[in-house]
Amino acid sequence: DVLGSRGLGDVYKRQTWSFPVDVVMVEQCLCVSPACTWAMFAGWLNLEELIVLAESMMRRDGRLRRTTIEELTAYLDSAREFTEAVFEETGRRPNMFRGYANCRRALRVIQEGTDSSMETRTRLVPLKYGIDAPCVNYKIGVKRLNRAVYLDLAYPEYKICIEFDGGHHAGQWLEDARRRQAIEDEKWRYIQVTKLDLGDEWSEEALARRIADKIQEVTGIPVPVTARKTIQQVCLSLIHISEPTRP
């Protein structure tokens, strides 16, 4: 059984998980594996938050990395194989767990090596408006800083970067200003994003248009901004083999 709750202060209620439960040892405690935990949450999260959760488990920082796309895929495959085994034994094929289809859709979009959930949400914005997704944590050399830096999101072919500034950046604005100037000195076009640019359709469309305008500045070719797509439409539009064919 899996404990779940609909909100703080609610009484916990017991949820039954009828699929394989992968476990790992964490400091001598037996815990449900990250991949299995992600699948369990699929019944409670919408598709976008399911993508955000997955990427939060695969940070660029190895100390925070808990799983991989390969492991998520392997768990979903094992769940499918479980239903096939039940069918062969009983003649009855059980339904997949709630949220399974969204897990498969999410795998088309998920990227490893992110640094924050807000960066993930930022990366999804251009996809919603028909613009290609930027690269994640793109590494460049910066002469002025005499070191390499990782751009949150980037279109290397256009030398356009997108940097998300969270609340903690308010206390380091001088350092951030120096970093931005150093990046721009390398001839990169810089798009700054804050939480005010995310979370509602008007703000996200405005951000998508800023990205499109920057690309046009480089190429001289107008970049169409399409009508907003749902995350499900985004996932289905991407070519990725994540669902095995049922025999």
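Positions within a chain are numbered from 1, following the residues in the order the chain's sequence is written. pLDDT decides what is reported in this predicted model: residues at 70 or higher carry local features, side-chain atom pairs at 80 or more are listed and counted, and totals for whole chains, interfaces and linings draw on all residues regardless. Calculated side-chain values reflect all of the structure's heavy atoms, with hydrogen atoms and water omitted.

Visitor: How would you summarise the sheet that holds strand β8 (residues 189-193) if you had to cite specific residues and measurements?
Guide: Pairing between strands is defined by DSSP: at least two bridges between them are needed. What counts as a helix is a DSSP run of H or I of at least four residues, what counts as a strand is a run of E of at least two, and both are numbered from the N terminus. Taken in spatial order, the four strands line up as β5-β6-β7-β8 in an open sheet, and their pairing is mixed. Either end of the sheet is taken by a strand with one partner, and the two such strands are β5 (135-142) and β8. Each adjacent strand pair in this sheet contributes to an overall mean axis angle of 50°, direction not counted. Two strands pair when backbone bridges link them, and strand β7 (residues 160-164) and β8 are joined in this way by five bridges, in the parallel orientation. Across the sheet, Phe-164 pairs through a bridge with Val-193, a residue of β8. For helices, the axis comes from a line fit to the C-alpha atoms of the stretch in contact; other axes are also lines fit to C-alpha atoms, and the angle between any two N-to-C directions lies between 0 and 180 degrees.

Visitor: Hey, could you go over the confidence of the model for the protein chain for me, with residue numbers and the actual values?
Guide: The pLDDT value expresses, per residue, how confident the predictor is, ranging between 0 and 100. Residues of the protein chain with pLDDT of at least 70 account for 89%, and the chain-wide mean is 90. Only heavy atoms matter for contacts: two residues are in contact if any of them lie within 4.5 Å across the pair. Within the model, the stretch residues 1-6 combines pLDDT values under 50 with 18 contacts to residues more than four positions away or in other chains. pLDDT under 50 marks residues 241-247. Its contacts with residues more than four places away, or in other chains, come to 12 contacts.

Visitor: Please give an account of the environment of Cys-103 that cites residues and values.
Guide: One can find Cys-103 in helix α4 (residues 100-106). Remark: exposure states derive from per-residue accessible area (1.4 Å probe, protein chains only) relative to the maximum for the residue type, with buried under 20%, exposed over 50%, and partly exposed in between. On the basis of relative accessible area, Cys-103 is assigned to the buried category, the value being 0%. Residues Cys-103 and Ala-54 lie 49 residues apart in sequence; the distance between their C-alpha atoms is 9.5 Å. Apart from residues no more than four positions distant in its own chain, Cys-103 is found in contact with Trp-38, Ala-39, Ala-42, Leu-50, Leu-76 and Phe-97.

Visitor: Lay out the packing of aromatic side chains with the relevant residues and their values.
Guide: What counts as a ring pair is set by centres within 6.5 Å for rings of Phe, Tyr and Trp (its six-membered ring), and what kind of pair is set by the plane angle: stacked under 30 degrees, edge-to-face over 60, tilted for all other angles. In total, this model carries seven aromatic pairs according to the counting rule given. Ring centres of Tyr-138 and Trp-188 lie 6.0 Å apart, and the angle between their planes is 50°; this geometry places the pair in the tilted category. One end of the pair, Tyr-138, is in strand β5; the other, Trp-188, is in the loop between α6 (173-185) and β8, and 50 residues separate them in sequence. Connected via pairs of aromatic rings, a cluster forms that spans Trp-17, Phe-19, Phe-82, Phe-97 and Tyr-100.

Visitor: Tell me about a nonpolar patch on the surface, and name the residues and values.
Guide: Together, Val-21, Val-23, Met-25, Leu-30 and Val-32 line one region of the surface with nonpolar side chains, adding up to about 450 Å² of accessible area. Put simply, the parts of the chain that give the nonpolar patch at least two residues each are β3 (23-26) and β4 (29-32). Secondary-structure assignment places Met-25 in strand β3. Classification of Met-25 as exposed rests on a relative accessible area of 56%. Every patch collects residues that have over 30% relative accessible area and no salt bridge, joining them within 9 Å if they carry like charges and within 5 Å if they are nonpolar side chains (Val, Leu, Ile, Met, Phe, Trp, Tyr). All accessible-area figures derive from a Shrake-Rupley calculation using a 1.4 Å probe, and residue coverage is judged against the displayed protein chains alone. A carboxyl oxygen of Asp or Glu within 4 Å of a side-chain nitrogen of Lys or Arg is what we treat as a salt bridge.

Visitor: Please set out the nonpolar core residue by residue, giving values where relevant.
Guide: Buried Ala, Val, Leu, Ile, Met, Phe, Trp, Tyr and Cys residues that are joined via side-chain atoms within 4.5 Å together make up what is termed a nonpolar core. Among the nonpolar cores identified, the biggest contains 31 residues, and Trp-17, Trp-38, Ile-51, Leu-72, Phe-97 and Ile-110 are the most heavily contacted of them. Those elements that provide at least two residues to this core are α1 (34-41), α2 (47-56), α3 (69-90), α4, α5 (117-128) and α8 (231-237). In terms of residues, this core owes the most to one element, α1, which gives five residues. Leave out the neighbours within four places in its chain, and Phe-97 touches Trp-17, Phe-19, Ala-39, Ala-42, Leu-76, Ala-79 and Cys-103. Ranked by size, the runner-up nonpolar core spans 18 residues in total, among them Val-125, Val-193, Ala-212 and Ile-215.

Visitor: Give me the packing of α1 against α3: which residues, what numbers.
Guide: Between α1 and α3, whose axes approach to 9 Å, the crossing angle comes to 65°. For the element pair α1 and α3, the recorded crossing hand is right-handed. Here α1 contributes Ala-35, Cys-36, Trp-38 and Ala-39 to the contact with α3, which in turn contributes Glu-71, Leu-72, Tyr-75 and Leu-76. Amino acids outside the nonpolar list (Ala, Val, Leu, Ile, Met, Phe, Trp, Tyr, Cys, Pro) and the charged list (Asp, Glu, Lys, Arg) are all regarded as polar, and Gly is one of them. Residue composition of the contact of α1 with α3, grouped by class: seven nonpolar, no polar and one charged. Helix crossings get a hand from a simple test, with the near helix turned counterclockwise from the far one by less than a right angle marking a left-handed crossing and a clockwise turn marking a right-handed one.

Visitor: Tell me what's going on with the environment of Arg-121, and back it up with residues and numbers.
Guide: Tracing the chain through its elements places Arg-121 in helix α5. On the accessibility criterion, Arg-121 (22% relative accessible area) is partly exposed. Between the C-alpha atom of Arg-121 and that of Leu-198, which follows or precedes it by 77 residues, the distance is 7.6 Å. The contact partners of Arg-121, leaving out residues within four places of it in the chain, are Glu-48, Glu-49, Val-52 and Leu-198.

Visitor: Which residues make up α5, and what are the values?
Guide: Expected span, for any helix, means 1.5 Å times one less than how many residues it has. For α5, which comprises 12 residues, the first-to-last C-alpha distance of 17 Å matches the rise-based estimate of 16 Å (1.5 Å per residue) to within 8%. Burial analysis of α5 places nine of its 12 residues in the buried class, the great majority of the element. Among all positions of α5, only Glu-119, Thr-120, Thr-122, Arg-123, Leu-124, Val-125, Pro-126, Leu-127 and Lys-128 are buried. A positive backbone phi angle near 80° is found at Gly-130, which sits one or two residues after α5.

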